[in-house]
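Survey of secondary and tertiary structure
Residues per chain, in single letters:
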Amino acid sequence: MSSSGLDVIDLRSDTLSLPTSEMLSAMAHAELGDDGRDVSGKGEDPTVNRLEEVAARRLGKEDALFVPSGTMGNMIALMVHAPRGSSIVVDNEAHVYRMEKGNFVEGLHGFKPVFVPARKGFYDLDVLDRFLSCGHVSLVCIENTHNFAGGAVLSPEQTEAISDICARHEVPLHLDGARVFHAAAALGVNAPDLVRRVDSVMVCLSKGLCAPVGSMLAGTRDFIRSARGKRKLLGGQMRQVGVLAAAGIVALEKMTLRVQDDNVLARMLAESLADVDYFDIDIGTVQTNMVRVTLKTQLTAEQFASRLCDEYRVKVGPVSQDMFRMVVYNGISKMDIESAAGRIKSFCNAL
Ligand SMILES: *Cc1c(COP(=O)(O)O)cnc(C)c1O
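The structure displayed is predicted, hence computed values, not measured ones. (Residues numbered from 1 in each chain as written. Predicted model: local features only at pLDDT ≥ 70, side-chain atom pairs only at ≥ 80, totals over all residues. Heavy atoms only, no water.)

Here's the deal with the sheet that holds strand β10 (residues 215–219)
What the seven strands build is an open sheet, ordered β2-β10-β9-β8-β7-β3-β4; its pairing is mixed. The two strands at the open ends of the sheet, each matched to only one other strand, are β2 (63–67) and β4 (112–115). Recorded for the sheet is a direction-independent mean angle of 25 degrees between the axes of neighbouring strands. Of the strand pairs in this sheet, strand β9 (residues 200–204) and β10 are connected by five bridges, and their pairing is antiparallel. Bridge pairing in β10 places serine 200 opposite glycine 219. Relative to β2, helix α2 (residues 46–59) is tilted by about 125 degrees, and along the sheet it contacts β2, β9 and β10. On top of the sheet, helix α5 (residues 125–133) reaches β3 (87–90), β4 and β7 (137–143); it is set at about 155 degrees to β7, its chief contact. (Pairing = 2+ DSSP bridges. Helix = DSSP H or I, 4+ residues; strand = E, 2+ residues; numbered from the N terminus. Axes fitted to C-alpha atoms, helices over the stretch in contact; angles between N-to-C directions. Contact = heavy atoms within 4.5 Å.)

Dropping the structure here:
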């Protein structure tokens, strides 16, 4: 099969999303200052300060902090909530554990992971309660949407059930909400209603919200004050970073309003591939902008992805030996999805 003439459709990740023209224009015209020069808990860059206000408001939290990456945002949250070397409840599929290993490295923060069994990111509540009763756990982490569960969501009720147990044992709860606006849209709730019961939340501006760089960490005023100190310690304090924050404001004010479009297209993609013999797709997990596929062929996910790209110009993201994912983001149209589904089917038929 000749692939010449076909456009590449790149579904590896929503980190591939590009800043919109509105973002680029806002970046070019942003009012700037030195964000590293601290005046009573805020820097001197007016655009960063505005972004932090907008983020706090959009998440229903007292204050927020702009950080260079989601990884740093989560790390700062762990450092603020949990003393060095203490035990943190995570699920073993959590991004904070699987991909951000720095948190659990002996010589760095040395946090000890405590694994509580979870289904699509929702903990077994009895086990969670029992583990927290022991008094050794300093923080509980959850993830919404859940990346390795194929973008599955936790509802406000599920979050509340976990939060109730944390509150009873006086253990703080941190949410890795890299894609929390996709979760809120899928659930038909406002983001503040989804994150009300967590003590801190990290949100990525740079994924489905299309900003080129950056994430937000939100929580109480006290939490954010401590977080600023940790950010500086990690080298995450930046200078005229309003140039990036300007894009972040557009991300939070405008791009959050369209994320349900991505969720709908991902569902469409999953449904059109549901009858492919070589695929196992748990349609129940296709709640947001991701489709995770388990392969039932001799090909590894890497081999499958590489041949699909060479022969049909569709890029998918391997996540394990036999699984890959496809992620929808701004710039991937309904026509792209229809075309990608058609190409993937043709490729599989020829296998
Ligand atoms: C991407 C991601 C992060 C980390 O964000 P970076 O900006 O890539 O460091 C954290 N948690 C989840 C669930 C993610 O998908």
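Digging into the nonpolar core
If you look at the biggest cluster of nonpolar residues, it comprises 56 residues, and the most contacted ones within it are Leu59, Val89, Leu128, Leu132, Val140, Leu205 and Leu252. Residue contributions to this core peak at eight residues, all from helix α10 (residues 242–253). (Core = buried A, V, L, I, M, F, W, Y, C linked by side-chain atoms within 4.5 Å. Buried < 20%, exposed > 50% of the residue type's maximum accessible area, 1.4 Å probe, protein only.)

So, the packing of α2 against α10
Put simply, α2 and α10 touch, their axes get as near as 8 Å, and they point 25 degrees apart. Taken as axis vectors, α2 and α10 run roughly parallel relative to one another. Regarding α2 and α10, the two cross each other, and that crossing is left-handed. From α2, Thr47, Val48, Arg50, Leu51, Val54, Ala55, Arg57 and Arg58 reach across to α10, where they touch Gly242, Ala245, Ala246, Gly248, Ile249, Leu252 and Glu253. Partitioned by chemical class, the residues of the contact of α2 with α10 number eight nonpolar, three polar and four charged. (Parallel < 35°, antiparallel > 145°, perpendicular 65-115°, else oblique. Left-handed = near helix turned anticlockwise from the far one by under 90°. Nonpolar A, V, L, I, M, F, W, Y, C, P; charged D, E, K, R; others polar.)

Re the pattern of salt bridges
By the definition in use, this model includes 22 salt bridges. Of the charged contacts in the structure, one is a salt bridge between arginine 228 and glutamate 52, with a shortest N-O distance of 3.8 Å. Linking arginine 228 in helix α9 (residues 221–233) with glutamate 52 in helix α2, this pair joins segments that are 176 residues apart in sequence. Judged by its relative accessible area of 0%, glutamate 52 falls in the buried class. For aspartate 275, the salt bridge goes to lysine 345, with nearest N and O atoms at 3.8 Å. Taken as a pair, aspartate 275 in the loop between α11 (259–273) and β11 (279–281) and lysine 345 in helix α13 (residues 334–349) lie far apart in primary sequence, 70 residues in all. The exposure class assigned to lysine 345 is partly exposed, which follows from its relative accessible area of 29%. Taken together, the salt bridges that share partners define one network made up of Asp38, Lys42, Glu52, Asp63 and Arg228. (Salt bridge = Lys/Arg side-chain N within 4 Å of Asp/Glu carboxyl O.)

These figures capture arrangement, not role.
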